[in-house]
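Observations on chain architecture
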Amino acid sequence: MTGYSSKTDVATANGKQNGSGNQTGENGTKPTEFTPQGNHASSENNIQCSLTSDEFRAVNLMRQDMYPYEVIQEIADFIVKGSGIRPKIGIICGSGLGSLADIIQNPKVFDYEKIPNFPVSTVEGHAGRLVVGTLEGANVMAMQGRFHFYEGYPLAKCSMPVRVMKLCGVEYLFATNAAGGINPKYAVGDIMLMHDHVNMLGFAGNSPLQGPNDPRFGPRFPALVNSYNKDLINKAIEISKTMGIESSVHVGVYSCLGGPTYETIAELKALRMMGVDAVGMSTVHEVITARHCDMKVFAFSLITNKCATEYSDKKDDEASHDEVMAVAKNRQKTCCELVSRLVAEIQKTA
Ligand SMILES: O=P(O)(O)O[C@H]1O[C@H](CO)[C@@H](O)[C@H]1O
Ligand SMILES: Nc1nc2[nH]cnc2c(=O)[nH]1
């Protein structure tokens, strides 16, 4: 996809929206006609506007942030009918943690492209498949690939699949992610059980719940204290002891930034001062959406890199997605075991 669609976008891209240059039109921009097929070029402004009508529709679809209840219900029906399963537990696989879905038995796999009204995954390490089946005797569905704000999706769209899970029958959300460790006690490969979050995108006025509220999902003003289920955290701690990994398992606070850039040292210092232990670019909006519709939430971060909070010339301080993926691959067995055992615990008490 190339180019952009509106005259406002054109002006912004040329840095001329404030009246410099030869402009006309009500907002000080030179109206530029959109031609759906082929390239439109204005030599005067050196504008290239090359969206085909299919691309134009694709951009609009990507930006779509309203999913009426009935549309979510249709997607849920498609999955429940197609799999013959009503899942109780929903799992979101973090970057490089797609193998959490590979341990599902009798899997029925849906490529995101084949699910009506579903977005597509665009990030390496997020395969873009929904896997429905059983794990430790429990009916589960897992997203092998989540949607991030930086991909261009509005937050409501990023977390729309959580509502799909809800209408499929899911009661428990397991959200996993790869994250940078800010707490100096955390080492690469450690696991942080999330017990709270700092919603930086929320601080900036963005929320997956923005817009009209549908009370069939939940209340207009949901409370978020106790969002992370204490019982599940305690169970996970007990499980980590039986696995012999308790020294590398922590309980901490996660923060989601918009990405796709990793943080500056000054930002990391600020986050640490705010009590943040690990930072990523996901999960928080999914948790908000899940709590809004009263799902029980368990979430953990795999610490894939250590975040520097002091200036240095060390190249090691620079995070990279390759490193994130490599660490996730190394630790996927441990993460799978933790998830399986926690599912087994839930199933025991069902
Ligand atoms: O949060 P998940 O999807 O695990 O992925 C994390 O890793 C990617 C950056 O390496 C970002 O997408 C960040 O959010
Ligand atoms: N924002 C952010 N996301 C990550 N995902 C994995 N590591 C990181 C990190 O250091 N920062």
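Residues numbered from 1 in each chain as written. Chains lettered and ligands numbered in written order. Predicted model: local features only at pLDDT ≥ 70, side-chain atom pairs only at ≥ 80, totals over all residues. Heavy atoms only, no water.

Section: helix α3 (residues 69–83)
Helical geometry note: an α-helix holds 3.6 residues per turn, so side chains three or four residues apart project in the same direction. This is how the line gets drawn: A run of H or I in DSSP counts as a helix once it spans at least four residues, and a run of E counts as a strand once it spans at least two, with each numbered from the N terminus. By this rule, a helix spans an expected 1.5 Å times one less than how many residues it contains. Throughout, a residue-residue contact means that at least one pair of heavy atoms, one from each residue, lies within 4.5 Å.
Compared with the 21 Å implied by 1.5 Å per residue over 15 residues, the 21 Å span of α3 between its first and last C-alpha is a close match. Where α3 is buried, its residues touch β4 (105–111), β5 (129–135), β6 (138–144) and α6 (160–168). Within two residues after α3, Gly84 carries a phi angle of roughly 70 degrees, on the positive side.

Comments concerning the site of ligand 1
To be explicit about the condition: Any residue with at least one heavy atom within 4 Å of a molecule or strand is counted as near it. Identification of polar contacts relies on pairs of N or O atoms within 3.5 Å, with a donor-acceptor requirement for protein atoms, meaning one able to donate a hydrogen and the other able to accept it, and with residues adjacent in sequence counted only if both atoms are side-chain atoms. Cavities and pockets are found on a 1 Å grid laid over the protein atoms alone: a cavity is a set of points where a 1.4 Å probe fits but cannot escape, a pocket is an open set with protein on both sides within 12 Å along at least five of seven lines, and a lining residue has an atom within 4 Å of such a point. Grid points define the cavity or pocket, and a molecule sits in it when more than half of its atoms lie within 2 Å of them.
By nearness alone, 13 residues border ligand 1, and Ser95, Tyr150, Tyr262, Ser282 and His321 come closest of all. A distance of 2.7 Å separates an oxygen atom of ligand 1 from a polar side-chain atom of Ser95. A distance of 3.0 Å separates an oxygen atom of ligand 1 from a polar atom in the side chain of Arg146. In a pocket analysis with a 2 Å cut-off to the grid points, ligand 1 is assigned to the largest pocket. Elements supplying a minimum of two residues to the shell around ligand 1: β7 (172–181) and α11 (321–348).

Digging into the UniProt feature "domain: Nucleoside phosphorylase" (unreviewed entry) in the protein
The condition that has to hold: UniProt positions are given in the numbering used here, feature names are shortened, and annotations may be inferred rather than shown by experiment.
When the UniProt feature table is mapped to this numbering, "domain: Nucleoside phosphorylase" (unreviewed entry) covers residues 88–344. Annotated as 30% helix and 26% strand, the span residues 88–344 places its first and last C-alpha atoms 12 Å apart.

So, the site of ligand 2
Our working definition: Surface accessibility follows the Shrake-Rupley procedure with a 1.4 Å probe radius. Residue values consider only the protein chains on display as shielding. All residues other than Ala, Val, Leu, Ile, Met, Phe, Trp, Tyr, Cys, Pro, Asp, Glu, Lys and Arg, Gly among them, are scored as polar; the first ten of these are nonpolar and the last four charged.
The full set of residues close to ligand 2 is Ala178, Ala179, Gly180, Tyr262, Glu263, Val279, Gly280, Met281, Thr304, Asn305, Cys307 and Val324. A distance of 3.3 Å is found between a nitrogen atom of ligand 2 and a backbone nitrogen or oxygen belonging to Ala178. Separating a nitrogen atom of ligand 2 from a side-chain N or O atom of Glu263 is a distance of 2.5 Å. Surface burial for ligand 2 is 95%, taken as the share of its 280 Å² of free accessible area covered by protein chains. At a threshold of 2 Å from the grid points, most atoms of ligand 2 map onto the largest pocket. Secondary-structure elements contributing two or more residues to the shell around ligand 2 are β7, β10 (278–280) and β11 (296–306). Split by residue class, the shell around ligand 2 holds seven nonpolar, four polar and one charged.

Observations concerning the packing of helix α8 (residues 230–243) against α11
Keep this limit in mind: An axis is simply a line fitted to the C-alpha atoms; with a helix, the fit covers only the stretch in contact. Between two such axes, the angle follows the N-to-C directions and lies from 0 to 180 degrees. Any angle from 65 to 115 degrees is called roughly perpendicular, while one under 35 is roughly parallel, one over 145 is roughly antiparallel, and all others are oblique. Should the near helix be turned anticlockwise from the far one by less than a right angle, the crossing is termed left-handed; should it be turned clockwise, right-handed.
Two numbers describe how α8 lies on α11: the axes approach to 10 Å, and their chain directions differ by 125 degrees. One finds that α8 runs oblique with respect to α11. Handedness of the crossing formed by α8 with α11: right-handed. Of the residues in α11, those touching α8 at Leu232, Lys235, Ala236, Ile239, Thr242 and Met243 are Thr334, Glu337, Leu338, Arg341, Leu342, Glu345 and Ile346. Class assignment for the residues of the contact of α8 with α11 results in seven nonpolar, two polar and four charged.

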